[in-house]
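Structural characterization, general
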Amino acid sequence: TDADNESMRDIATAFNEMLSELEETIVGIQGFADDVASSAEQVAAGSEEVSTAADEVARSVEEISRSADSQNENLDEVANEMTNLSATIEEVASSADEVADRASRAADRGVEGSQLAADSIEQIDEIQEKTTETVAEIEQLDDEMERIVDIVDLIDSIAEQTNILALNASIEAARAGEAGDGFGVVAEEIKSLAEETASATDDIEVLIEEIQESTGEAASDVREMRDIVAEGADTIDETITALDDIIEAIEDANTGVQSINDA
C-alpha cells in the first residue's frame, strides 16, 4: 500500500482486504473444525454410551426373555395346579352336598328318635304309676291275708274247743248208758266235724303262708321292676338330652357344610 502507483496501491489494498477476509474465513473454518472435532468427540462418546446402553439393553432383553420363559413355566404350573384345585373343589363340593344331605337326614332321624323317646317316657311314667298301684294292692292283699290268718286261728281255736266239748259229751253219754247213746252219736259227729275243721284250717294256714310268700316275692319283684323302670326313665331322659345335643351339633355341622359348599 506504500507503492507510488495508485493502481498498485488499490491492488495492495484489495489484496490486504482479501487476506483479512481469508484470515477471517480460515479462523471461521478453524473454529468450525474445532466445533466439528468437539462434536465428533461427543458423538464418539455418545456412540460408546449408546453401544454400552445397547449391550445393557441386550442383556436386559435376554434376562427378560429368560424371566418370561420362567414365568411361562410357572404359569403352566399354576394352570395345572388350578386345574387340579378346580377338580378337588368339585369333589369337595360333591362330598359337601352328600354330607349335607346325610346330616339333614340324621337330624330328621334324631328328631324322630327324640319324639319316640319322649313317647317312651310317657309310657314309662304310666308303667311306674301302674307298678306303684300294684305294689299298694299287693301290700293291701298281704294285710288282708293277715286278717284271714287271724280268722283261721280263731276257727282253729273254736274247732279245738268243739273237739274238747265233743269228747266231754261222749264221756257223759257213756256214763248215761243206753239213754245217752243218741247223744253220744251226735257228740261223735261233732268231734269228727271239729277234727275236719281243724284239718281244713291247717290246710288253709299252709295255703295262706304260700300265698303270703308269693305276694311278698311279687311285691319285691314289682318294686325291683319299678326301680328298673325308674332307671330306664332316667336313661331315656339322658338319651333325649344327648339326642338334642346331637341334633344341635348336626344342624351346626350342616350349616358349616353349606357354607363350605357355597364357598
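A few points on the structure. (Residues numbered from 1 in each chain as written. Predicted model: local features only at pLDDT ≥ 70, side-chain atom pairs only at ≥ 80, totals over all residues. Heavy atoms only, no water.)

Regarding the pattern of salt bridges
The following threshold applies: Whenever Lys or Arg places a side-chain nitrogen within 4 Å of a carboxyl oxygen from Asp or Glu, that contact is recorded as a salt bridge. Strands are runs of DSSP state E lasting at least 2 residues, helices are runs of H or I lasting at least 4, and numbering of each runs from the N terminus. Residue burial is assigned from relative accessible area. The probe radius is 1.4 Å, only protein chains are included, and a residue is buried under 20% of its type maximum, exposed over 50%, and partly exposed in between.
Taken as a whole and judged by the stated rule, the model has 1 salt bridge. Residues Glu 62 and Arg 66 are paired through a salt bridge, measuring 3.2 Å at the closest nitrogen-oxygen approach. In this pair, Glu 62 and Arg 66 both sit in helix α1 (residues 6–176), 4 residues apart, roughly one turn of the helix. The partly exposed category is assigned to Glu 62, whose relative accessible area is 47%.

Thoughts on the environment of Asp 142
As a reminder, the rule being used: Residue contacts are counted whenever heavy atoms from the two residues lie within 4.5 Å of one another.
When you line up the elements, Asp 142 lands in helix α1. Asp 142 sits 40 residues away from Arg 102 along the chain, and the two C-alpha atoms are 57 Å apart. The residues contacting Asp 142, other than those within four sequence positions of it, are Gln 212 and Thr 215.

Some remarks on the nonpolar core
Soluble, globular proteins show a tendency: their nonpolar side chains are buried together. Quick note on the threshold: Take the buried residues of types Ala, Val, Leu, Ile, Met, Phe, Trp, Tyr and Cys, join any two whose side-chain atoms come within 4.5 Å, and each joined set is a nonpolar core.
Membership of the largest hydrophobic core is limited to 7 residues, which are Ala 117, Ile 121, Ile 124, Val 229, Ala 233, Ile 236 and Ile 240. Of all the elements in the fold, those that place two or more residues in this core are α1 and α2 (181–262). Considering every element that reaches this core, the biggest residue donor is α2, with 4 residues. When neighbours within four sequence positions are excluded, Ala 233 is seen to be in contact with Ile 121 and Ile 124.

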